[in-house]
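Tertiary structure, described
Letter by letter, the chains look like this.
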Amino acid sequence: MNTLYAVILAGLVFYIGYRFYARRIDRDIIQSDPRKATPATLYMDGVDFVPASRGVLYGYHFKSIAAAGPIVGAITAANLWGWLPSIIWLLLGVTFIGWMSDYSAIMVSVRNDGNSLSAIAHRLIAPRTRTILLFFIFFYLLLVAGAFGNIIVGVLFGQPQVPLAIVTLVVMGLLGGQMLYRWRTDLIVMTLVTVGVTLLMIVLGPLGMVVNPPAAQGAAPQIVQGPIGQLMVGWNTLVNGITGGAPVISYFDPTLPLPPNAPAGVAVANVNITPAFLFWLVFLCAFAYLGSILPIWRFAQPINYIGFWITFLTIALAGLGAALAVFLKPEVGMLQLAAVRAPDLGFTMEAGRAWQPLWPMLFVTIACGAISGWHALIGSVGTSRQIENETDVLPVGGGSMFTEMTLGMLSLLAVAVAGQGAGVPAFANGVGSFLSVFAIPQHIGTALGFSSFVVIVITVFQLVIRVMRVTLAEGLGDRMAIFRNPHVGIVISLLLMCLLVLSGVWVYLWQLFGSSNQLMASLSLLVVTVWLASTRRSTTFALIPTLFMYITTMAATLVIPRNLWETVVVPNMAREGAGIAVYGAIAMILVSVLLFVAAAFIGLDGWRAYQQYRRQEAAPTPAPAQPAT
Amino acid sequence: MPLTPDPALTPRPPLPTVGEGATEEPAPLPRARGRGWGRGIPGPGGEGRLRLRGFVRSLKAFLYGMTGYEFERHALGERARLEDLFVLITLGDIIGVPILPPYYSLRLLPFAVPRLEAWKRRLLRERHTLENDEYDLIEL
């Protein structure tokens, strides 16, 4: 198998799924009608309701849904189960569920005066659905903050060539906001300056770095940092000197390898939180604090914009490299990773070990590239109010989701060609390999992969903290006035995130985030199904995915606490200094249980509403009244 | 604070839907930049050239949607928030908040009339937490 076949396969699925399935649903079941007025044209107020062309909206919606999610999910799944199951789920998921979730959420909103999905759920299902949705959103944000925070601090601490790019991003973000909104600089000039300087610093970071071949067979290559990398290494060493090099916290992480001299069968501490790690955690908190407290135009928005360009350029170049590798550098184009990593697909359960069965865990690990509840929620309040014509909903909602699948596919290929390593390093190595097709040195390409990845993730992270603050204020501000204070909201959000970063086992954290996301997806699919029943349309195309996603996600929400209990709480309970890991795991178990109970309520309400509308449909139409004679 | 009638912000009457006296070709609406996929664009050249021009136009619209459109929306939102406040101060009587003496409100009324309907709709519409600008920016 090589990357070209995978690219062709993705293109074929995109074409066939969109042309023959999505269009048929749009034409025959939803019956989109270009003559029907949309909320954007009915209620045009120049702000929230503004009709925009489908080309602009396609770009807008795609940018709103595609970033770190499909990348992280795909690389995690490839590491757990291999590339083959991951590719199959990406392709089937987007074809039968993913596009439909985005498309129908937007369409339902368009047909309901531009109301958000939660408002429609309130009306069609039950009033408490809306409250439960807010609850989901908060935990969704918290979990994504913990998962992304973990990745960012790990890379900033472990890859000394990267921090310069992030510091530059902060400066360029501030400059970008000033240029655009205060100095009224042209957008193109602002883009060239801010993105250009950030890219330059990304390249400068690894300059002078030398990668020596490994000393022994199977060992990692020896890396000698360039001047900037050495400066950062020196800084980390200086900070670690505070405790004389001793770790501040130590615990056992079941997903990481044990130290080489560890006795067999004993859960030896394999995670050491050093002062330098804590320093980068504080740096991340300061970054997020700026993004949350400053006006959105001043920092958060321009940072997001610069991050978009860095990602876009890296992914576009890497995608081109993946397609051309077979012709220009065939050794790069071959998938090195095993197609299936475990013959039993993870179904064998052993006491004391993490249980990662393909079903249901794959379906929550890869969320955004295949189906995501977040897309549906955002689409129903933003995109749906700008749709000019009902027939635009398919290319905008469905088309964007199919396009996002290609992003997940590319991430998967990057990990698969890297072969060795796991997670972010494997992704960065894969991007480096793809860029080497264009004669860019492998280590520069890898550094670009690392930096672009951190840039994507950190831009999302600061917004997540900002939104957590807003959600806390809206959810609790009426009951406790202190939550209306933005500083309080930010500090609480950051403290919760730090607890997850310091205690969280990353894979579980990501899967729990995926579960909350997929539960929101199940909810949006449920709303669509009930709406179809209430308007007497065929529900099959939405009902089957709803049931599949609901049952799968509920099952995954039970597997995660089991894994946390067996592999984190039990082995670390008696360990000195591992209290934070145990408390963190127990907190995550509680979150899982809460998500499960909340989802059970939604499922019950949804099923009742569905049955009620079906009964109405089955009831005979009353005969017209006869005129009195 | 300019209050001259702005055609782009003037609310339009609702378009008739199917079965309610729909017209064959509804009048074109003011909208954000970019136009469709470019099919059937009139101009010199053959079919291939038209298709190419349509593709380039679509690509430009797509790129604009990914880049500058969010700034345009944010700027529009910021302006609307300021203007909403201005209308509230000057014409608050409409919703029972008499801030300015009625004489001045009545003098300003003709300038504000075109946007009053949209203003009321914006103020009275139920909003969801997800409608904050920040949510639009989170890409997941």
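Model, not experiment: these values are computed from the prediction.

Looking now at the overall build of chain B. On a plain count of helices and strands, chain B comes out with four helices and zero strands. Taken from N to C terminus, the helices and strands of chain B fall in the order α-α-α-α. Approximately 8600 Å² of chain B is accessible, and the part contributed by carbon and sulfur atoms is 62%.

Take the overall build of chain A next. Scanning chain A for helices and strands turns up 22 helices and four strands. Relative to the compact-globule value of 25 Å for 629 residues, chain A shows a C-alpha radius of gyration of 25 Å, a close match. Projected onto its principal axes, the C-alpha coordinates of chain A cover approximately 105 × 60 × 55 Å. Burial statistics for chain A: of 629 residues in total, 61% are counted as buried. Sequence-distant contacts in chain A: of pairs separated by 6 or more residues, those separated by 24 or more amount to 81%. Summed over its atoms, the accessible surface of chain A is roughly 23000 Å², and 68% of this surface lies on carbon and sulfur atoms. Within chain A, one finds 30 positive and 22 negative side-chain charges whose respective centroids are separated by 3 Å.

All names here are of chain A. Geometrically, the link from Trp-359 to Pro-360 is a cis peptide bond, its omega value of 10° lying close to zero. Within the fold, Pro-360 resides in helix H14 (residues 358-365). The phi dihedral of Leu-345 falls on the positive side, at around 55°, and the residue is not glycine. Positionally, Leu-345 belongs in the loop between helix H13 (330-333) and H14. Assessed through its relative accessible area of 26%, Leu-345 is described here as partly exposed.

Residue and element names in this part refer to chain A. Scanning the model with the defined rule gives twelve salt bridges over all chains in all. Of the charged contacts in the structure, one is a salt bridge between Arg-353 and Glu-350, with a shortest N-O distance of 3.6 Å. Overlapping salt bridges, with partners in common, bring together Arg-24, Arg-27 and Asp-28 in one network.

This part is about the nonpolar core. Judged by nonpolar contacts, the single largest core of 217 residues is most densely connected at Trp-89, Trp-99, Phe-136, Phe-148, Phe-453, Phe-461 and Met-497 of chain A. Filtering out sequence-adjacent residues up to four positions away, Phe-136 of chain A remains in contact with Leu-519, Met-520, Leu-595, Ala-598, Ala-599 and Ile-602 of chain A. Core analysis: the second largest hydrophobic core is formed by five residues, Leu-91, Ala-112, Leu-116 and Trp-119 of chain B among them.

This part covers the confidence of the model for chain A. In the predicted model, chain A carries a mean pLDDT of 88, and the fraction of residues at 70 or more is 94%. Per-residue pLDDT, averaged within each element of chain A, yields its smallest value for strand E3 (residues 249-251) of chain A (77) and its largest for helix H5 (residues 83-110) of chain A (95).

A word on the packing of aromatic side chains. All names here are of chain A. In the structure shown here, the tally under the stated rule is 36 aromatic pairs over all chains. Taken together, a centroid distance of 5.4 Å and an interplanar angle of 45° make the contact between Trp-99 and Tyr-103 tilted. With Trp-99 and Tyr-103 both in helix H5 and four residues apart, this pair spans about one turn of that helix. One exposure class covers both Trp-99 and Tyr-103, and it is buried. Considering the side-chain rings of Trp-235 and Phe-279, the 5.3 Å spacing of their centres and the 65° angle between planes classify their relative orientation as edge-to-face. On the criterion of sequence distance, the pair formed by Trp-235 in helix H10 (residues 227-240) and Phe-279 in helix H11 (residues 275-293) is long-range, its members being 44 residues apart. Among the aromatic residues, ring-to-ring pairing joins Tyr-140, Phe-148, Trp-374, Trp-506, Trp-510 and Phe-513 into one connected group. The residue whose ring lies beneath Arg-19 is Phe-20, and the NZ or CZ to ring-centre distance is 5.5 Å.

Another aspect to go through is a nonpolar patch on the surface. All names here are of chain B. Taken together, the side chains of Leu-85, Ile-89, Ile-94, Ile-95, Val-97, Ile-99, Leu-123 and Leu-124 make up a nonpolar region of the molecular surface, amounting to roughly 710 Å² of accessible area. At the level of elements, helix H2 (69-91) and helix H3 (102-124) are the ones that each hand at least two residues to the nonpolar patch. Looking at the secondary structure, you find Val-97 in the loop between H2 and H3. Since its relative accessible area comes to 33%, Val-97 is described here as partly exposed.

Turning to H10 of chain A, a few remarks are in order. Residue and element names in this part refer to chain A. Its 14 residues place the ends of H10 20 Å apart at the C-alpha level, agreeing with the 20 Å of an ideal helix rising 1.5 Å per residue. Turning to H10, its buried residues number three or more, namely Gly-229, Met-232, Asn-236, Val-239 and Asn-240. The arc enclosing the buried residues of H10, seen along the axis, measures out at 100°, which places them on a common side. The outward face of H10, more than 90 degrees from its buried face, is lined by the exposed residues Pro-227, Leu-231, Thr-237 and Leu-238. Structurally, H10 contributes buried residues whose contacts are with helix H7 (128-158), helix H8 (163-182) and H11.

Okay, the environment of Thr-567 of chain A next. All names here are of chain A. Residue position: Thr-567 is located in helix H21 (residues 540-572). Residues Thr-567 and Ala-585, 18 residues apart in the sequence, show an inter-C-alpha distance of 9.6 Å. For Thr-567, the side chain forms a polar contact with the side chain of Tyr-508, separated by 2.9 Å. A polar side-chain atom of Thr-567 sits 2.5 Å from the main-chain carbonyl oxygen of Asn-563.

Our next topic: the packing of helix H3 (residues 54-65) of chain A against H2 of chain B. The geometry of H3 of chain A relative to H2 of chain B is characterised by a closest axis approach of 10 Å and an angle of 90° between their N-to-C directions. For the element pair H3 of chain A / H2 of chain B, the angle class is roughly perpendicular. Where H3 of chain A abuts H2 of chain B, its residues Val-56, Leu-57, Tyr-60 and Lys-63 of chain A lie against Tyr-69, Glu-70 and Arg-73 of chain B. Partitioned by chemical class, the residues of the contact of H3 of chain A with H2 of chain B number four nonpolar, no polar and three charged.

Conventions and cut-offs
Residues numbered from 1 in each chain as written. Chains lettered and ligands numbered in written order. Predicted model: local features only at pLDDT ≥ 70, side-chain atom pairs only at ≥ 80, totals over all residues. Heavy atoms only, no water. Helix = DSSP H or I, 4+ residues; strand = E, 2+ residues; numbered from the N terminus. Areas by Shrake-Rupley, 256 points an atom, 1.4 Å probe, with all protein chains shown as cover. Rg over C-alpha atoms; globule rule 2.2 N^0.38 Å. Buried < 20%, exposed > 50% of the residue type's maximum accessible area, 1.4 Å probe, protein only. Contact = heavy atoms within 4.5 Å. Lys, Arg positive; Asp, Glu negative; His and termini not counted. Charge placed at Lys NZ, Arg CZ, Asp CG, Glu CD. Salt bridge = Lys/Arg side-chain N within 4 Å of Asp/Glu carboxyl O. Core = buried A, V, L, I, M, F, W, Y, C linked by side-chain atoms within 4.5 Å. pLDDT = per-residue confidence, 0-100. Phe/Tyr/Trp six-rings, centres within 6.5 Å; stacked < 30°, edge-to-face > 60°. Lys NZ or Arg CZ within 6 Å of the ring centre and 35° of its normal. Patch = residues over 30% accessible without salt bridge, like charges linked within 9 Å, V, L, I, M, F, W, Y side chains within 5 Å. Expected span 1.5 Å × (residues − 1). Arc of directions from axis to C-beta. Polar contact = N/O pair within 3.5 Å; in protein donor to acceptor, adjacent residues only side chain to side chain. Axes fitted to C-alpha atoms, helices over the stretch in contact; angles between N-to-C directions. Parallel < 35°, antiparallel > 145°, perpendicular 65-115°, else oblique. Nonpolar A, V, L, I, M, F, W, Y, C, P; charged D, E, K, R; others polar.

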